[in-house]
Amino acid sequence: MSTHSPLRPRYLRLAPPALLALFAAAALPAQAATTYPLTVENCGVSVTFDQAPQRVVTIKSTATEMLLALGLEERIVGVGFQDGPAPPPWSDRAAALPVLAEKLPSQEVVLAAEPDLVYGGWESNFAADGAGERPALANLGIESYVSPAACRSADPGKLSFDAVFAEISEIGNIFDAAPAAEALIAEQRATLAAVTPDTRGLTALWYSSGTKAPYVGAGTGAPQMILEALGLTNIMAEVDDPWISSSWEAVADKEPDVIVLVDAVWNSADQKMRLLAENPVTSQLPAVVNQRYLVVPFPASEAGVRNAGAVVDMAAQLAALDLTP
């Protein structure tokens, strides 16, 4: 049995619905310019911007790609902890950005870039042994912002596309780029509206990482949001958490119809396929035997501007699967 899947993400495309959304956005009333000082509540922290940030360090792909999607790459003075290459149409612009660290940059490295804002995809990025604690950065005149879906000190609740769009809108407001943000939201709403959810009552496992124990998408994060948009039932949906460390026995007991494989540089989809095929607990699952896999790039598996495109891509993969018993 081959352990390679012919399916690979097609990343982002400008589909006809997206074009319609852009025309619709152009017809909307002009968005007002941001009034500064602007204060936003972010993960339990009040952050005040006296002007639009001009020098930004982005940590994690979700933060970097948010600014790329809004055409703000000229504001980025350094990136760290990127989860994979950015897809077209951002790939060339992303490749030109200064890389501060392959993993989480230290506070010393961040300060050397002289940012006025550090935008992190995870709240844990802001630690003393990482980019620096948020109060410490504020004392140095550097603002900080965490993707709201990644908050842990303040419960963000179950993730929805409306919450993703709210972050796009807030970033647009912070950067005095509301028209670009509203156009992007309109485009993504149209993209999602063009997807017809599957109606076959299929169940799915979202397998992110792990070998001895699988780290899987549970009931409140981006995996659940995307699976719901696809019309799939997450076998771990009852767990009130974005992600959990489960067990292979629990996966086998629930016998998912399809398995979502997160494709990461450090743990590729192909590696996951081999593990599932070689693991005696999972090797005889119909989804494994028949390679009923959906592949999603790691950056698209976390809340951000790639989620809507991931739904479109995975819907096409799902439609192409042979689900004959």
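Look up a bit, the structure's there.
Residues numbered from 1 in each chain as written. Predicted model: local features only at pLDDT ≥ 70, side-chain atom pairs only at ≥ 80, totals over all residues. Heavy atoms only, no water.

Take the packing of aromatic side chains next. Counted according to the given criterion, the structure contains 6 aromatic pairs. With a centroid separation of 5.8 Å and 70° between ring planes, the pair formed by Phe81 and Trp122 is classed as edge-to-face. One end of the pair, Phe81, is in the loop between β4 (76–80) and α3 (91–95); the other, Trp122, is in the loop between β6 (117–120) and α5 (134–139), and 41 residues separate them in sequence. When the centroid spacing of 6.1 Å and the interplanar angle of 40° are considered together, the rings of Phe161 and Phe165 count as tilted. Of this pair, Phe161 and Phe165 both sit in helix α6 (residues 161–174), 4 residues apart, which is roughly one turn of that helix. Residue classification places Phe161 among the buried positions, given a relative accessible area of 13%. You can call Phe165 buried: its relative accessible area is 4%. The side chain of Lys60 reaches across the aromatic face of Trp122, ending 3.7 Å from its centre. Lying across the ring of Phe126, Arg134 places its NZ or CZ 5.8 Å from the centre. (Phe/Tyr/Trp six-rings, centres within 6.5 Å; stacked < 30°, edge-to-face > 60°. Helix = DSSP H or I, 4+ residues; strand = E, 2+ residues; numbered from the N terminus. Buried < 20%, exposed > 50% of the residue type's maximum accessible area, 1.4 Å probe, protein only. Lys NZ or Arg CZ within 6 Å of the ring centre and 35° of its normal.)

The strand order across the open sheet formed by 5 strands is β5-β4-β3-β6-β7, and the pairing between neighbours is parallel. One side of each edge strand has no neighbouring strand; the edge strands of this open sheet are β5 (99–101) and β7 (143–146). Going from strand to strand, the sheet's axes swing by 20° on average, the running direction of each strand aside. Across the face of the sheet, helix α2 (residues 61–69) comes into contact with β3 (56–59), β4 and β6 while running at roughly 130° to β3. (Pairing = 2+ DSSP bridges. Axes fitted to C-alpha atoms, helices over the stretch in contact; angles between N-to-C directions. Contact = heavy atoms within 4.5 Å.)

For the rest of this paragraph, the subject is helix α12 (residues 307–320). Counted at 1.5 Å a residue, the expected span for α12 with its 14 residues is 20 Å, and the 20 Å between its end C-alpha atoms agrees. Buried within α12 we find Asn307, Ala308, Gly309, Ala310, Val311, Asp313, Met314, Gln317 and Leu318. Considering only its buried residues, α12 is in contact with α6, α7 (178–193), β8 (203–209), α8 (222–230), β12 (258–263) and β13 (293–297). (Expected span 1.5 Å × (residues − 1).)

With that out of the way, let us pick up the state of the cysteines. Across all of its chains, the model carries 1 disulfide by this definition. With its sulfur 1.7 Å from that of its partner, Cys43 forms a disulfide with Cys151. Its S-S torsion of about -80° marks the bond between Cys43 and Cys151 as left-handed, since a negative value means left-handed. Residue Cys43 is located in the loop between β1 (38–42) and β2 (45–49), and its partner Cys151 is located in the loop between β7 and α6; the two are separated by 108 residues in the primary sequence. With relative accessibility at 8%, the residue Cys43 sits in the buried group. (Disulfide = S-S within 2.5 Å.)

Turning next to helix α10 (residues 269–278). Of all the residues in α10, the buried ones are Ala269, Asp270, Lys272, Met273, Leu275 and Leu276. Against β8, α9 (248–254), β12, α11 (286–289) and β13 lie the buried residues of α10.

The next subject is the environment of Ser268. With respect to the secondary-structure elements, Ser268 resides in the loop between β12 and α10. A relative accessible area of 17% means that Ser268 is categorised as buried. As a C-alpha pair, Ser268 and Lys103 span 165 residues in sequence and 18 Å in three-dimensional space. Those residues in contact with Ser268 that sit more than four places away from it in its chain are Val262 and Asp263.

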